[in-house]
Amino acid sequence: RKPYHWVLNDVRLGLALVAPFATAIEYARLFNMLQQHNSRTEVLNAIAQLLNTMPDPNQHLHLVLERITEIMSLDAGIILLIDQDRGGLTIGAHCGLPQTLSLSLSDHPMKQFHELACRVVATGESLQIDDTRDGKSAFHNLMHASGFYEVAIVPLTANTTILGALLVGNYTSRALTEGDLALFTTIGQQLGLTLKNAQLLRSASEMEALHETERLK
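Numbering of residues starts from 1 in every chain and runs along the sequence as written. Residue-level local features of this predicted model are given only where pLDDT is at least 70; pairs of side-chain atoms are given and counted only at 80 or more, and the full residue set underlies all totals for whole chains, interfaces and linings. Just so you know, side-chain values use all the structure's heavy atoms and leave hydrogens and water out.

Draft legend 1. Region of interest: the overall build of the protein. Of regular secondary structure, the protein possesses 5 helices and 5 strands. We count a stretch as a helix when DSSP gives it H or I for four or more residues in a row; a strand needs E for two or more, and each element gets its number in order from the N terminus. For the protein, the α and β elements follow one another from N to C terminus as α-α-β-β-α-β-α-β-β-α. Only protein chains enter the area calculation, which uses a 1.4 Å probe; residues under 20% of their type maximum are buried, those over 50% are exposed, and those in between are partly exposed. Evaluated residue by residue, the protein yields a buried proportion of 35% over its 217 residues. Contact between two residues is taken to exist if any of their heavy atoms lie within 4.5 Å; hydrogens are not considered. Sequence-distant contacts in the protein: of pairs separated by 6 or more residues, those separated by 24 or more amount to 59%.

Draft legend 2. A look at the side chain of Thr-69. Relative to the assigned elements, Thr-69 resides in helix α2 (residues 61–71). Excluding its chain neighbours within four sequence positions, the residues that come into contact with Thr-69 are Leu-74, Ala-76, Gly-77 and Cys-95.

Draft legend 3. Region of interest: the packing of helix α3 (residues 110–123) against helix α4 (residues 139–146). Only the stretch in contact is used when fitting a helix axis, every axis being a line fitted to C-alpha atoms; angles between N-to-C directions are given from 0 to 180 degrees. Running from N to C, α3 and α4 point in directions that differ by 125°, and their axes come no closer than 10 Å. Considering the angle they form, α3 stands oblique to α4. As α3 runs across α4, the sense of the crossing is left-handed. Here α3 contributes Gln-112, Phe-113 and Leu-116 to the contact with α4, which in turn contributes Phe-139, Leu-142 and Ser-146. For this classification, the nonpolar set comprises Ala, Val, Leu, Ile, Met, Phe, Trp, Tyr, Cys and Pro, the charged set comprises Asp, Glu, Lys and Arg, and every other residue, Gly included, is treated as polar. For the contact of α3 with α4, a count of residues per class yields 4 nonpolar, 2 polar and no charged. Should an angle fall under 35 degrees it is taken as roughly parallel, and over 145 as roughly antiparallel, whereas 65 to 115 is taken as roughly perpendicular and any remaining angle as oblique. By the definition used in this description, the sense in which the near helix is turned from the far one sets the handedness, with an anticlockwise turn below a right angle giving left-handed and a clockwise turn giving right-handed.

Draft legend 4. Inspection of α4 at higher detail. Buried within α4 we find Leu-142, Met-143 and Ser-146. Looking straight down α4, one finds that the buried residues subtend no more than 95° of arc, so they occupy a single side. Those residues of α4 that are exposed and angled more than 90 degrees off the buried face are Asn-141 and His-144. In the core, the buried residues of α4 are packed alongside α3, β3 (127–130) and β4 (150–158). Gly-147 sits one or two positions beyond α4 and adopts a positive phi of about 90°. Working note: the arc is built from the helix axis to C-beta atom directions.

Draft legend 5. Representation of the pattern of salt bridges in the model. Between Lys or Arg on one side and Asp or Glu on the other, a salt bridge is scored when a side-chain nitrogen of the former is within 4 Å of a carboxyl oxygen of the latter. A full pass over the atoms with the stated rule returns 1 salt bridge. The closest approach of N and O atoms between Arg-67 and Glu-70, which form a salt bridge, is 3.2 Å. Residue Arg-67 and its partner Glu-70 are both found in helix α2; the two are separated by 3 residues, about one turn of the helix. Accessibility expressed as a relative area gives 53% for Glu-70, which makes it exposed.

Draft legend 6. Geometry of the nonpolar core. Definition used in this section: a nonpolar core is a set of buried Ala, Val, Leu, Ile, Met, Phe, Trp, Tyr and Cys residues joined via side-chain atoms within 4.5 Å. Counting 28 residues, the largest nonpolar core has Met-72, Ile-79, Leu-156, Leu-166, Phe-184, Ile-187 and Leu-191 as its most contacted members. Elements with a minimum of two residues in this core: α1 (8–52), α2, β1 (76–82), β2 (89–95), β4, β5 (161–170) and α5 (178–216). Among the elements that make up this core, the one with the highest residue count is α5 (6 residues). Ignoring any residue separated from it by four or fewer positions in sequence, one finds Ile-187 in contact with Val-43, Leu-44, Ile-47, Ile-68, Met-72 and Leu-166. With 21 residues, the next largest nonpolar core counts Met-110, Ala-117, Val-151 and Ala-165 among its residues.

Draft legend 7. Layout of unusual backbone geometry. Cis geometry marks the peptide bond from His-108 to Pro-109; its omega dihedral reads 5°. Within the secondary structure, Pro-109 sits in the loop between β2 and α3. Although it is not a glycine, Ser-73 adopts a positive phi angle of roughly 55°. With respect to the helices and strands, the residue Ser-73 is situated in the loop between α2 and β1. The backbone of Asn-159 sits at a positive phi, close to 60°, despite the residue not being glycine. Assignment of secondary structure puts Asn-159 in the loop between β4 and β5.

Draft legend 8. Highlighting the packing of aromatic side chains. When the centres of two rings from Phe, Tyr and Trp lie within 6.5 Å, Trp using its six-membered ring, the rings pair. Their planes under 30 degrees apart give stacked, over 60 give edge-to-face, and anything left gives tilted. All told, the structure shown has 2 aromatic pairs when counted by the stated rule. A centroid spacing of 5.9 Å and a plane angle of 85° characterise the contact between Phe-113 and Phe-148, whose relative ring orientation is edge-to-face. Of this pair, Phe-113 sits in helix α3 while Phe-148 sits in the loop between α4 and β4, placing them 35 residues apart in sequence. Phe-148 sits in the buried class, given a relative accessible area of 4%. Where Phe-148 meets Tyr-171, the ring centres are 5.0 Å apart and the plane angle is 15°; that geometry is what we call stacked. Here Phe-148, found in the loop between α4 and β4, pairs with Tyr-171, found in the loop between β5 and α5; they are 23 residues apart in sequence, far enough to count as distant.

If you want it as structure tokens, here you go:
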């Protein structure tokens, strides 16, 4: 058979067919992005509403963490807060962890998670670990020991102040993306700002009570 030589009409027909398909693909991509944006906005609004209903989230950290993991469809979470007196991080709340997992920050694997959380607090940069992606890295043994398949650790920030870290994870793959990590980071900012505001209100209330006591003497 002789090789077929494209003529001008063939090229025009090809271009006419390609353009609608390219447009449809782009519309589908934009629609998917819009759905993701709307879904993340709904999550942030739900968490903001949750935090606004609590007069002092510091007193209900376990409930806050449970609701965050529920809203985000996550299996487990840990809130680690900076200990203002002794320094370092302490566990403020946890949920969904295996009963066999030691909560001591000096025991493996919590010791390694604590070190990673300290790094996040020190740098202010979020961290994501995936057992599939990091299967040949130093994180593999950590993930295997903890039972997590994927983990994200984000700082709890209030403007320029970092109050601690939020660790969330799944025991099965949910294929967390960079967009998910950005969402977790925003949630860390929401929670950090709420905790800071509660601290300031509590300090103001204590100061007002002290002044009232002094006035009545």
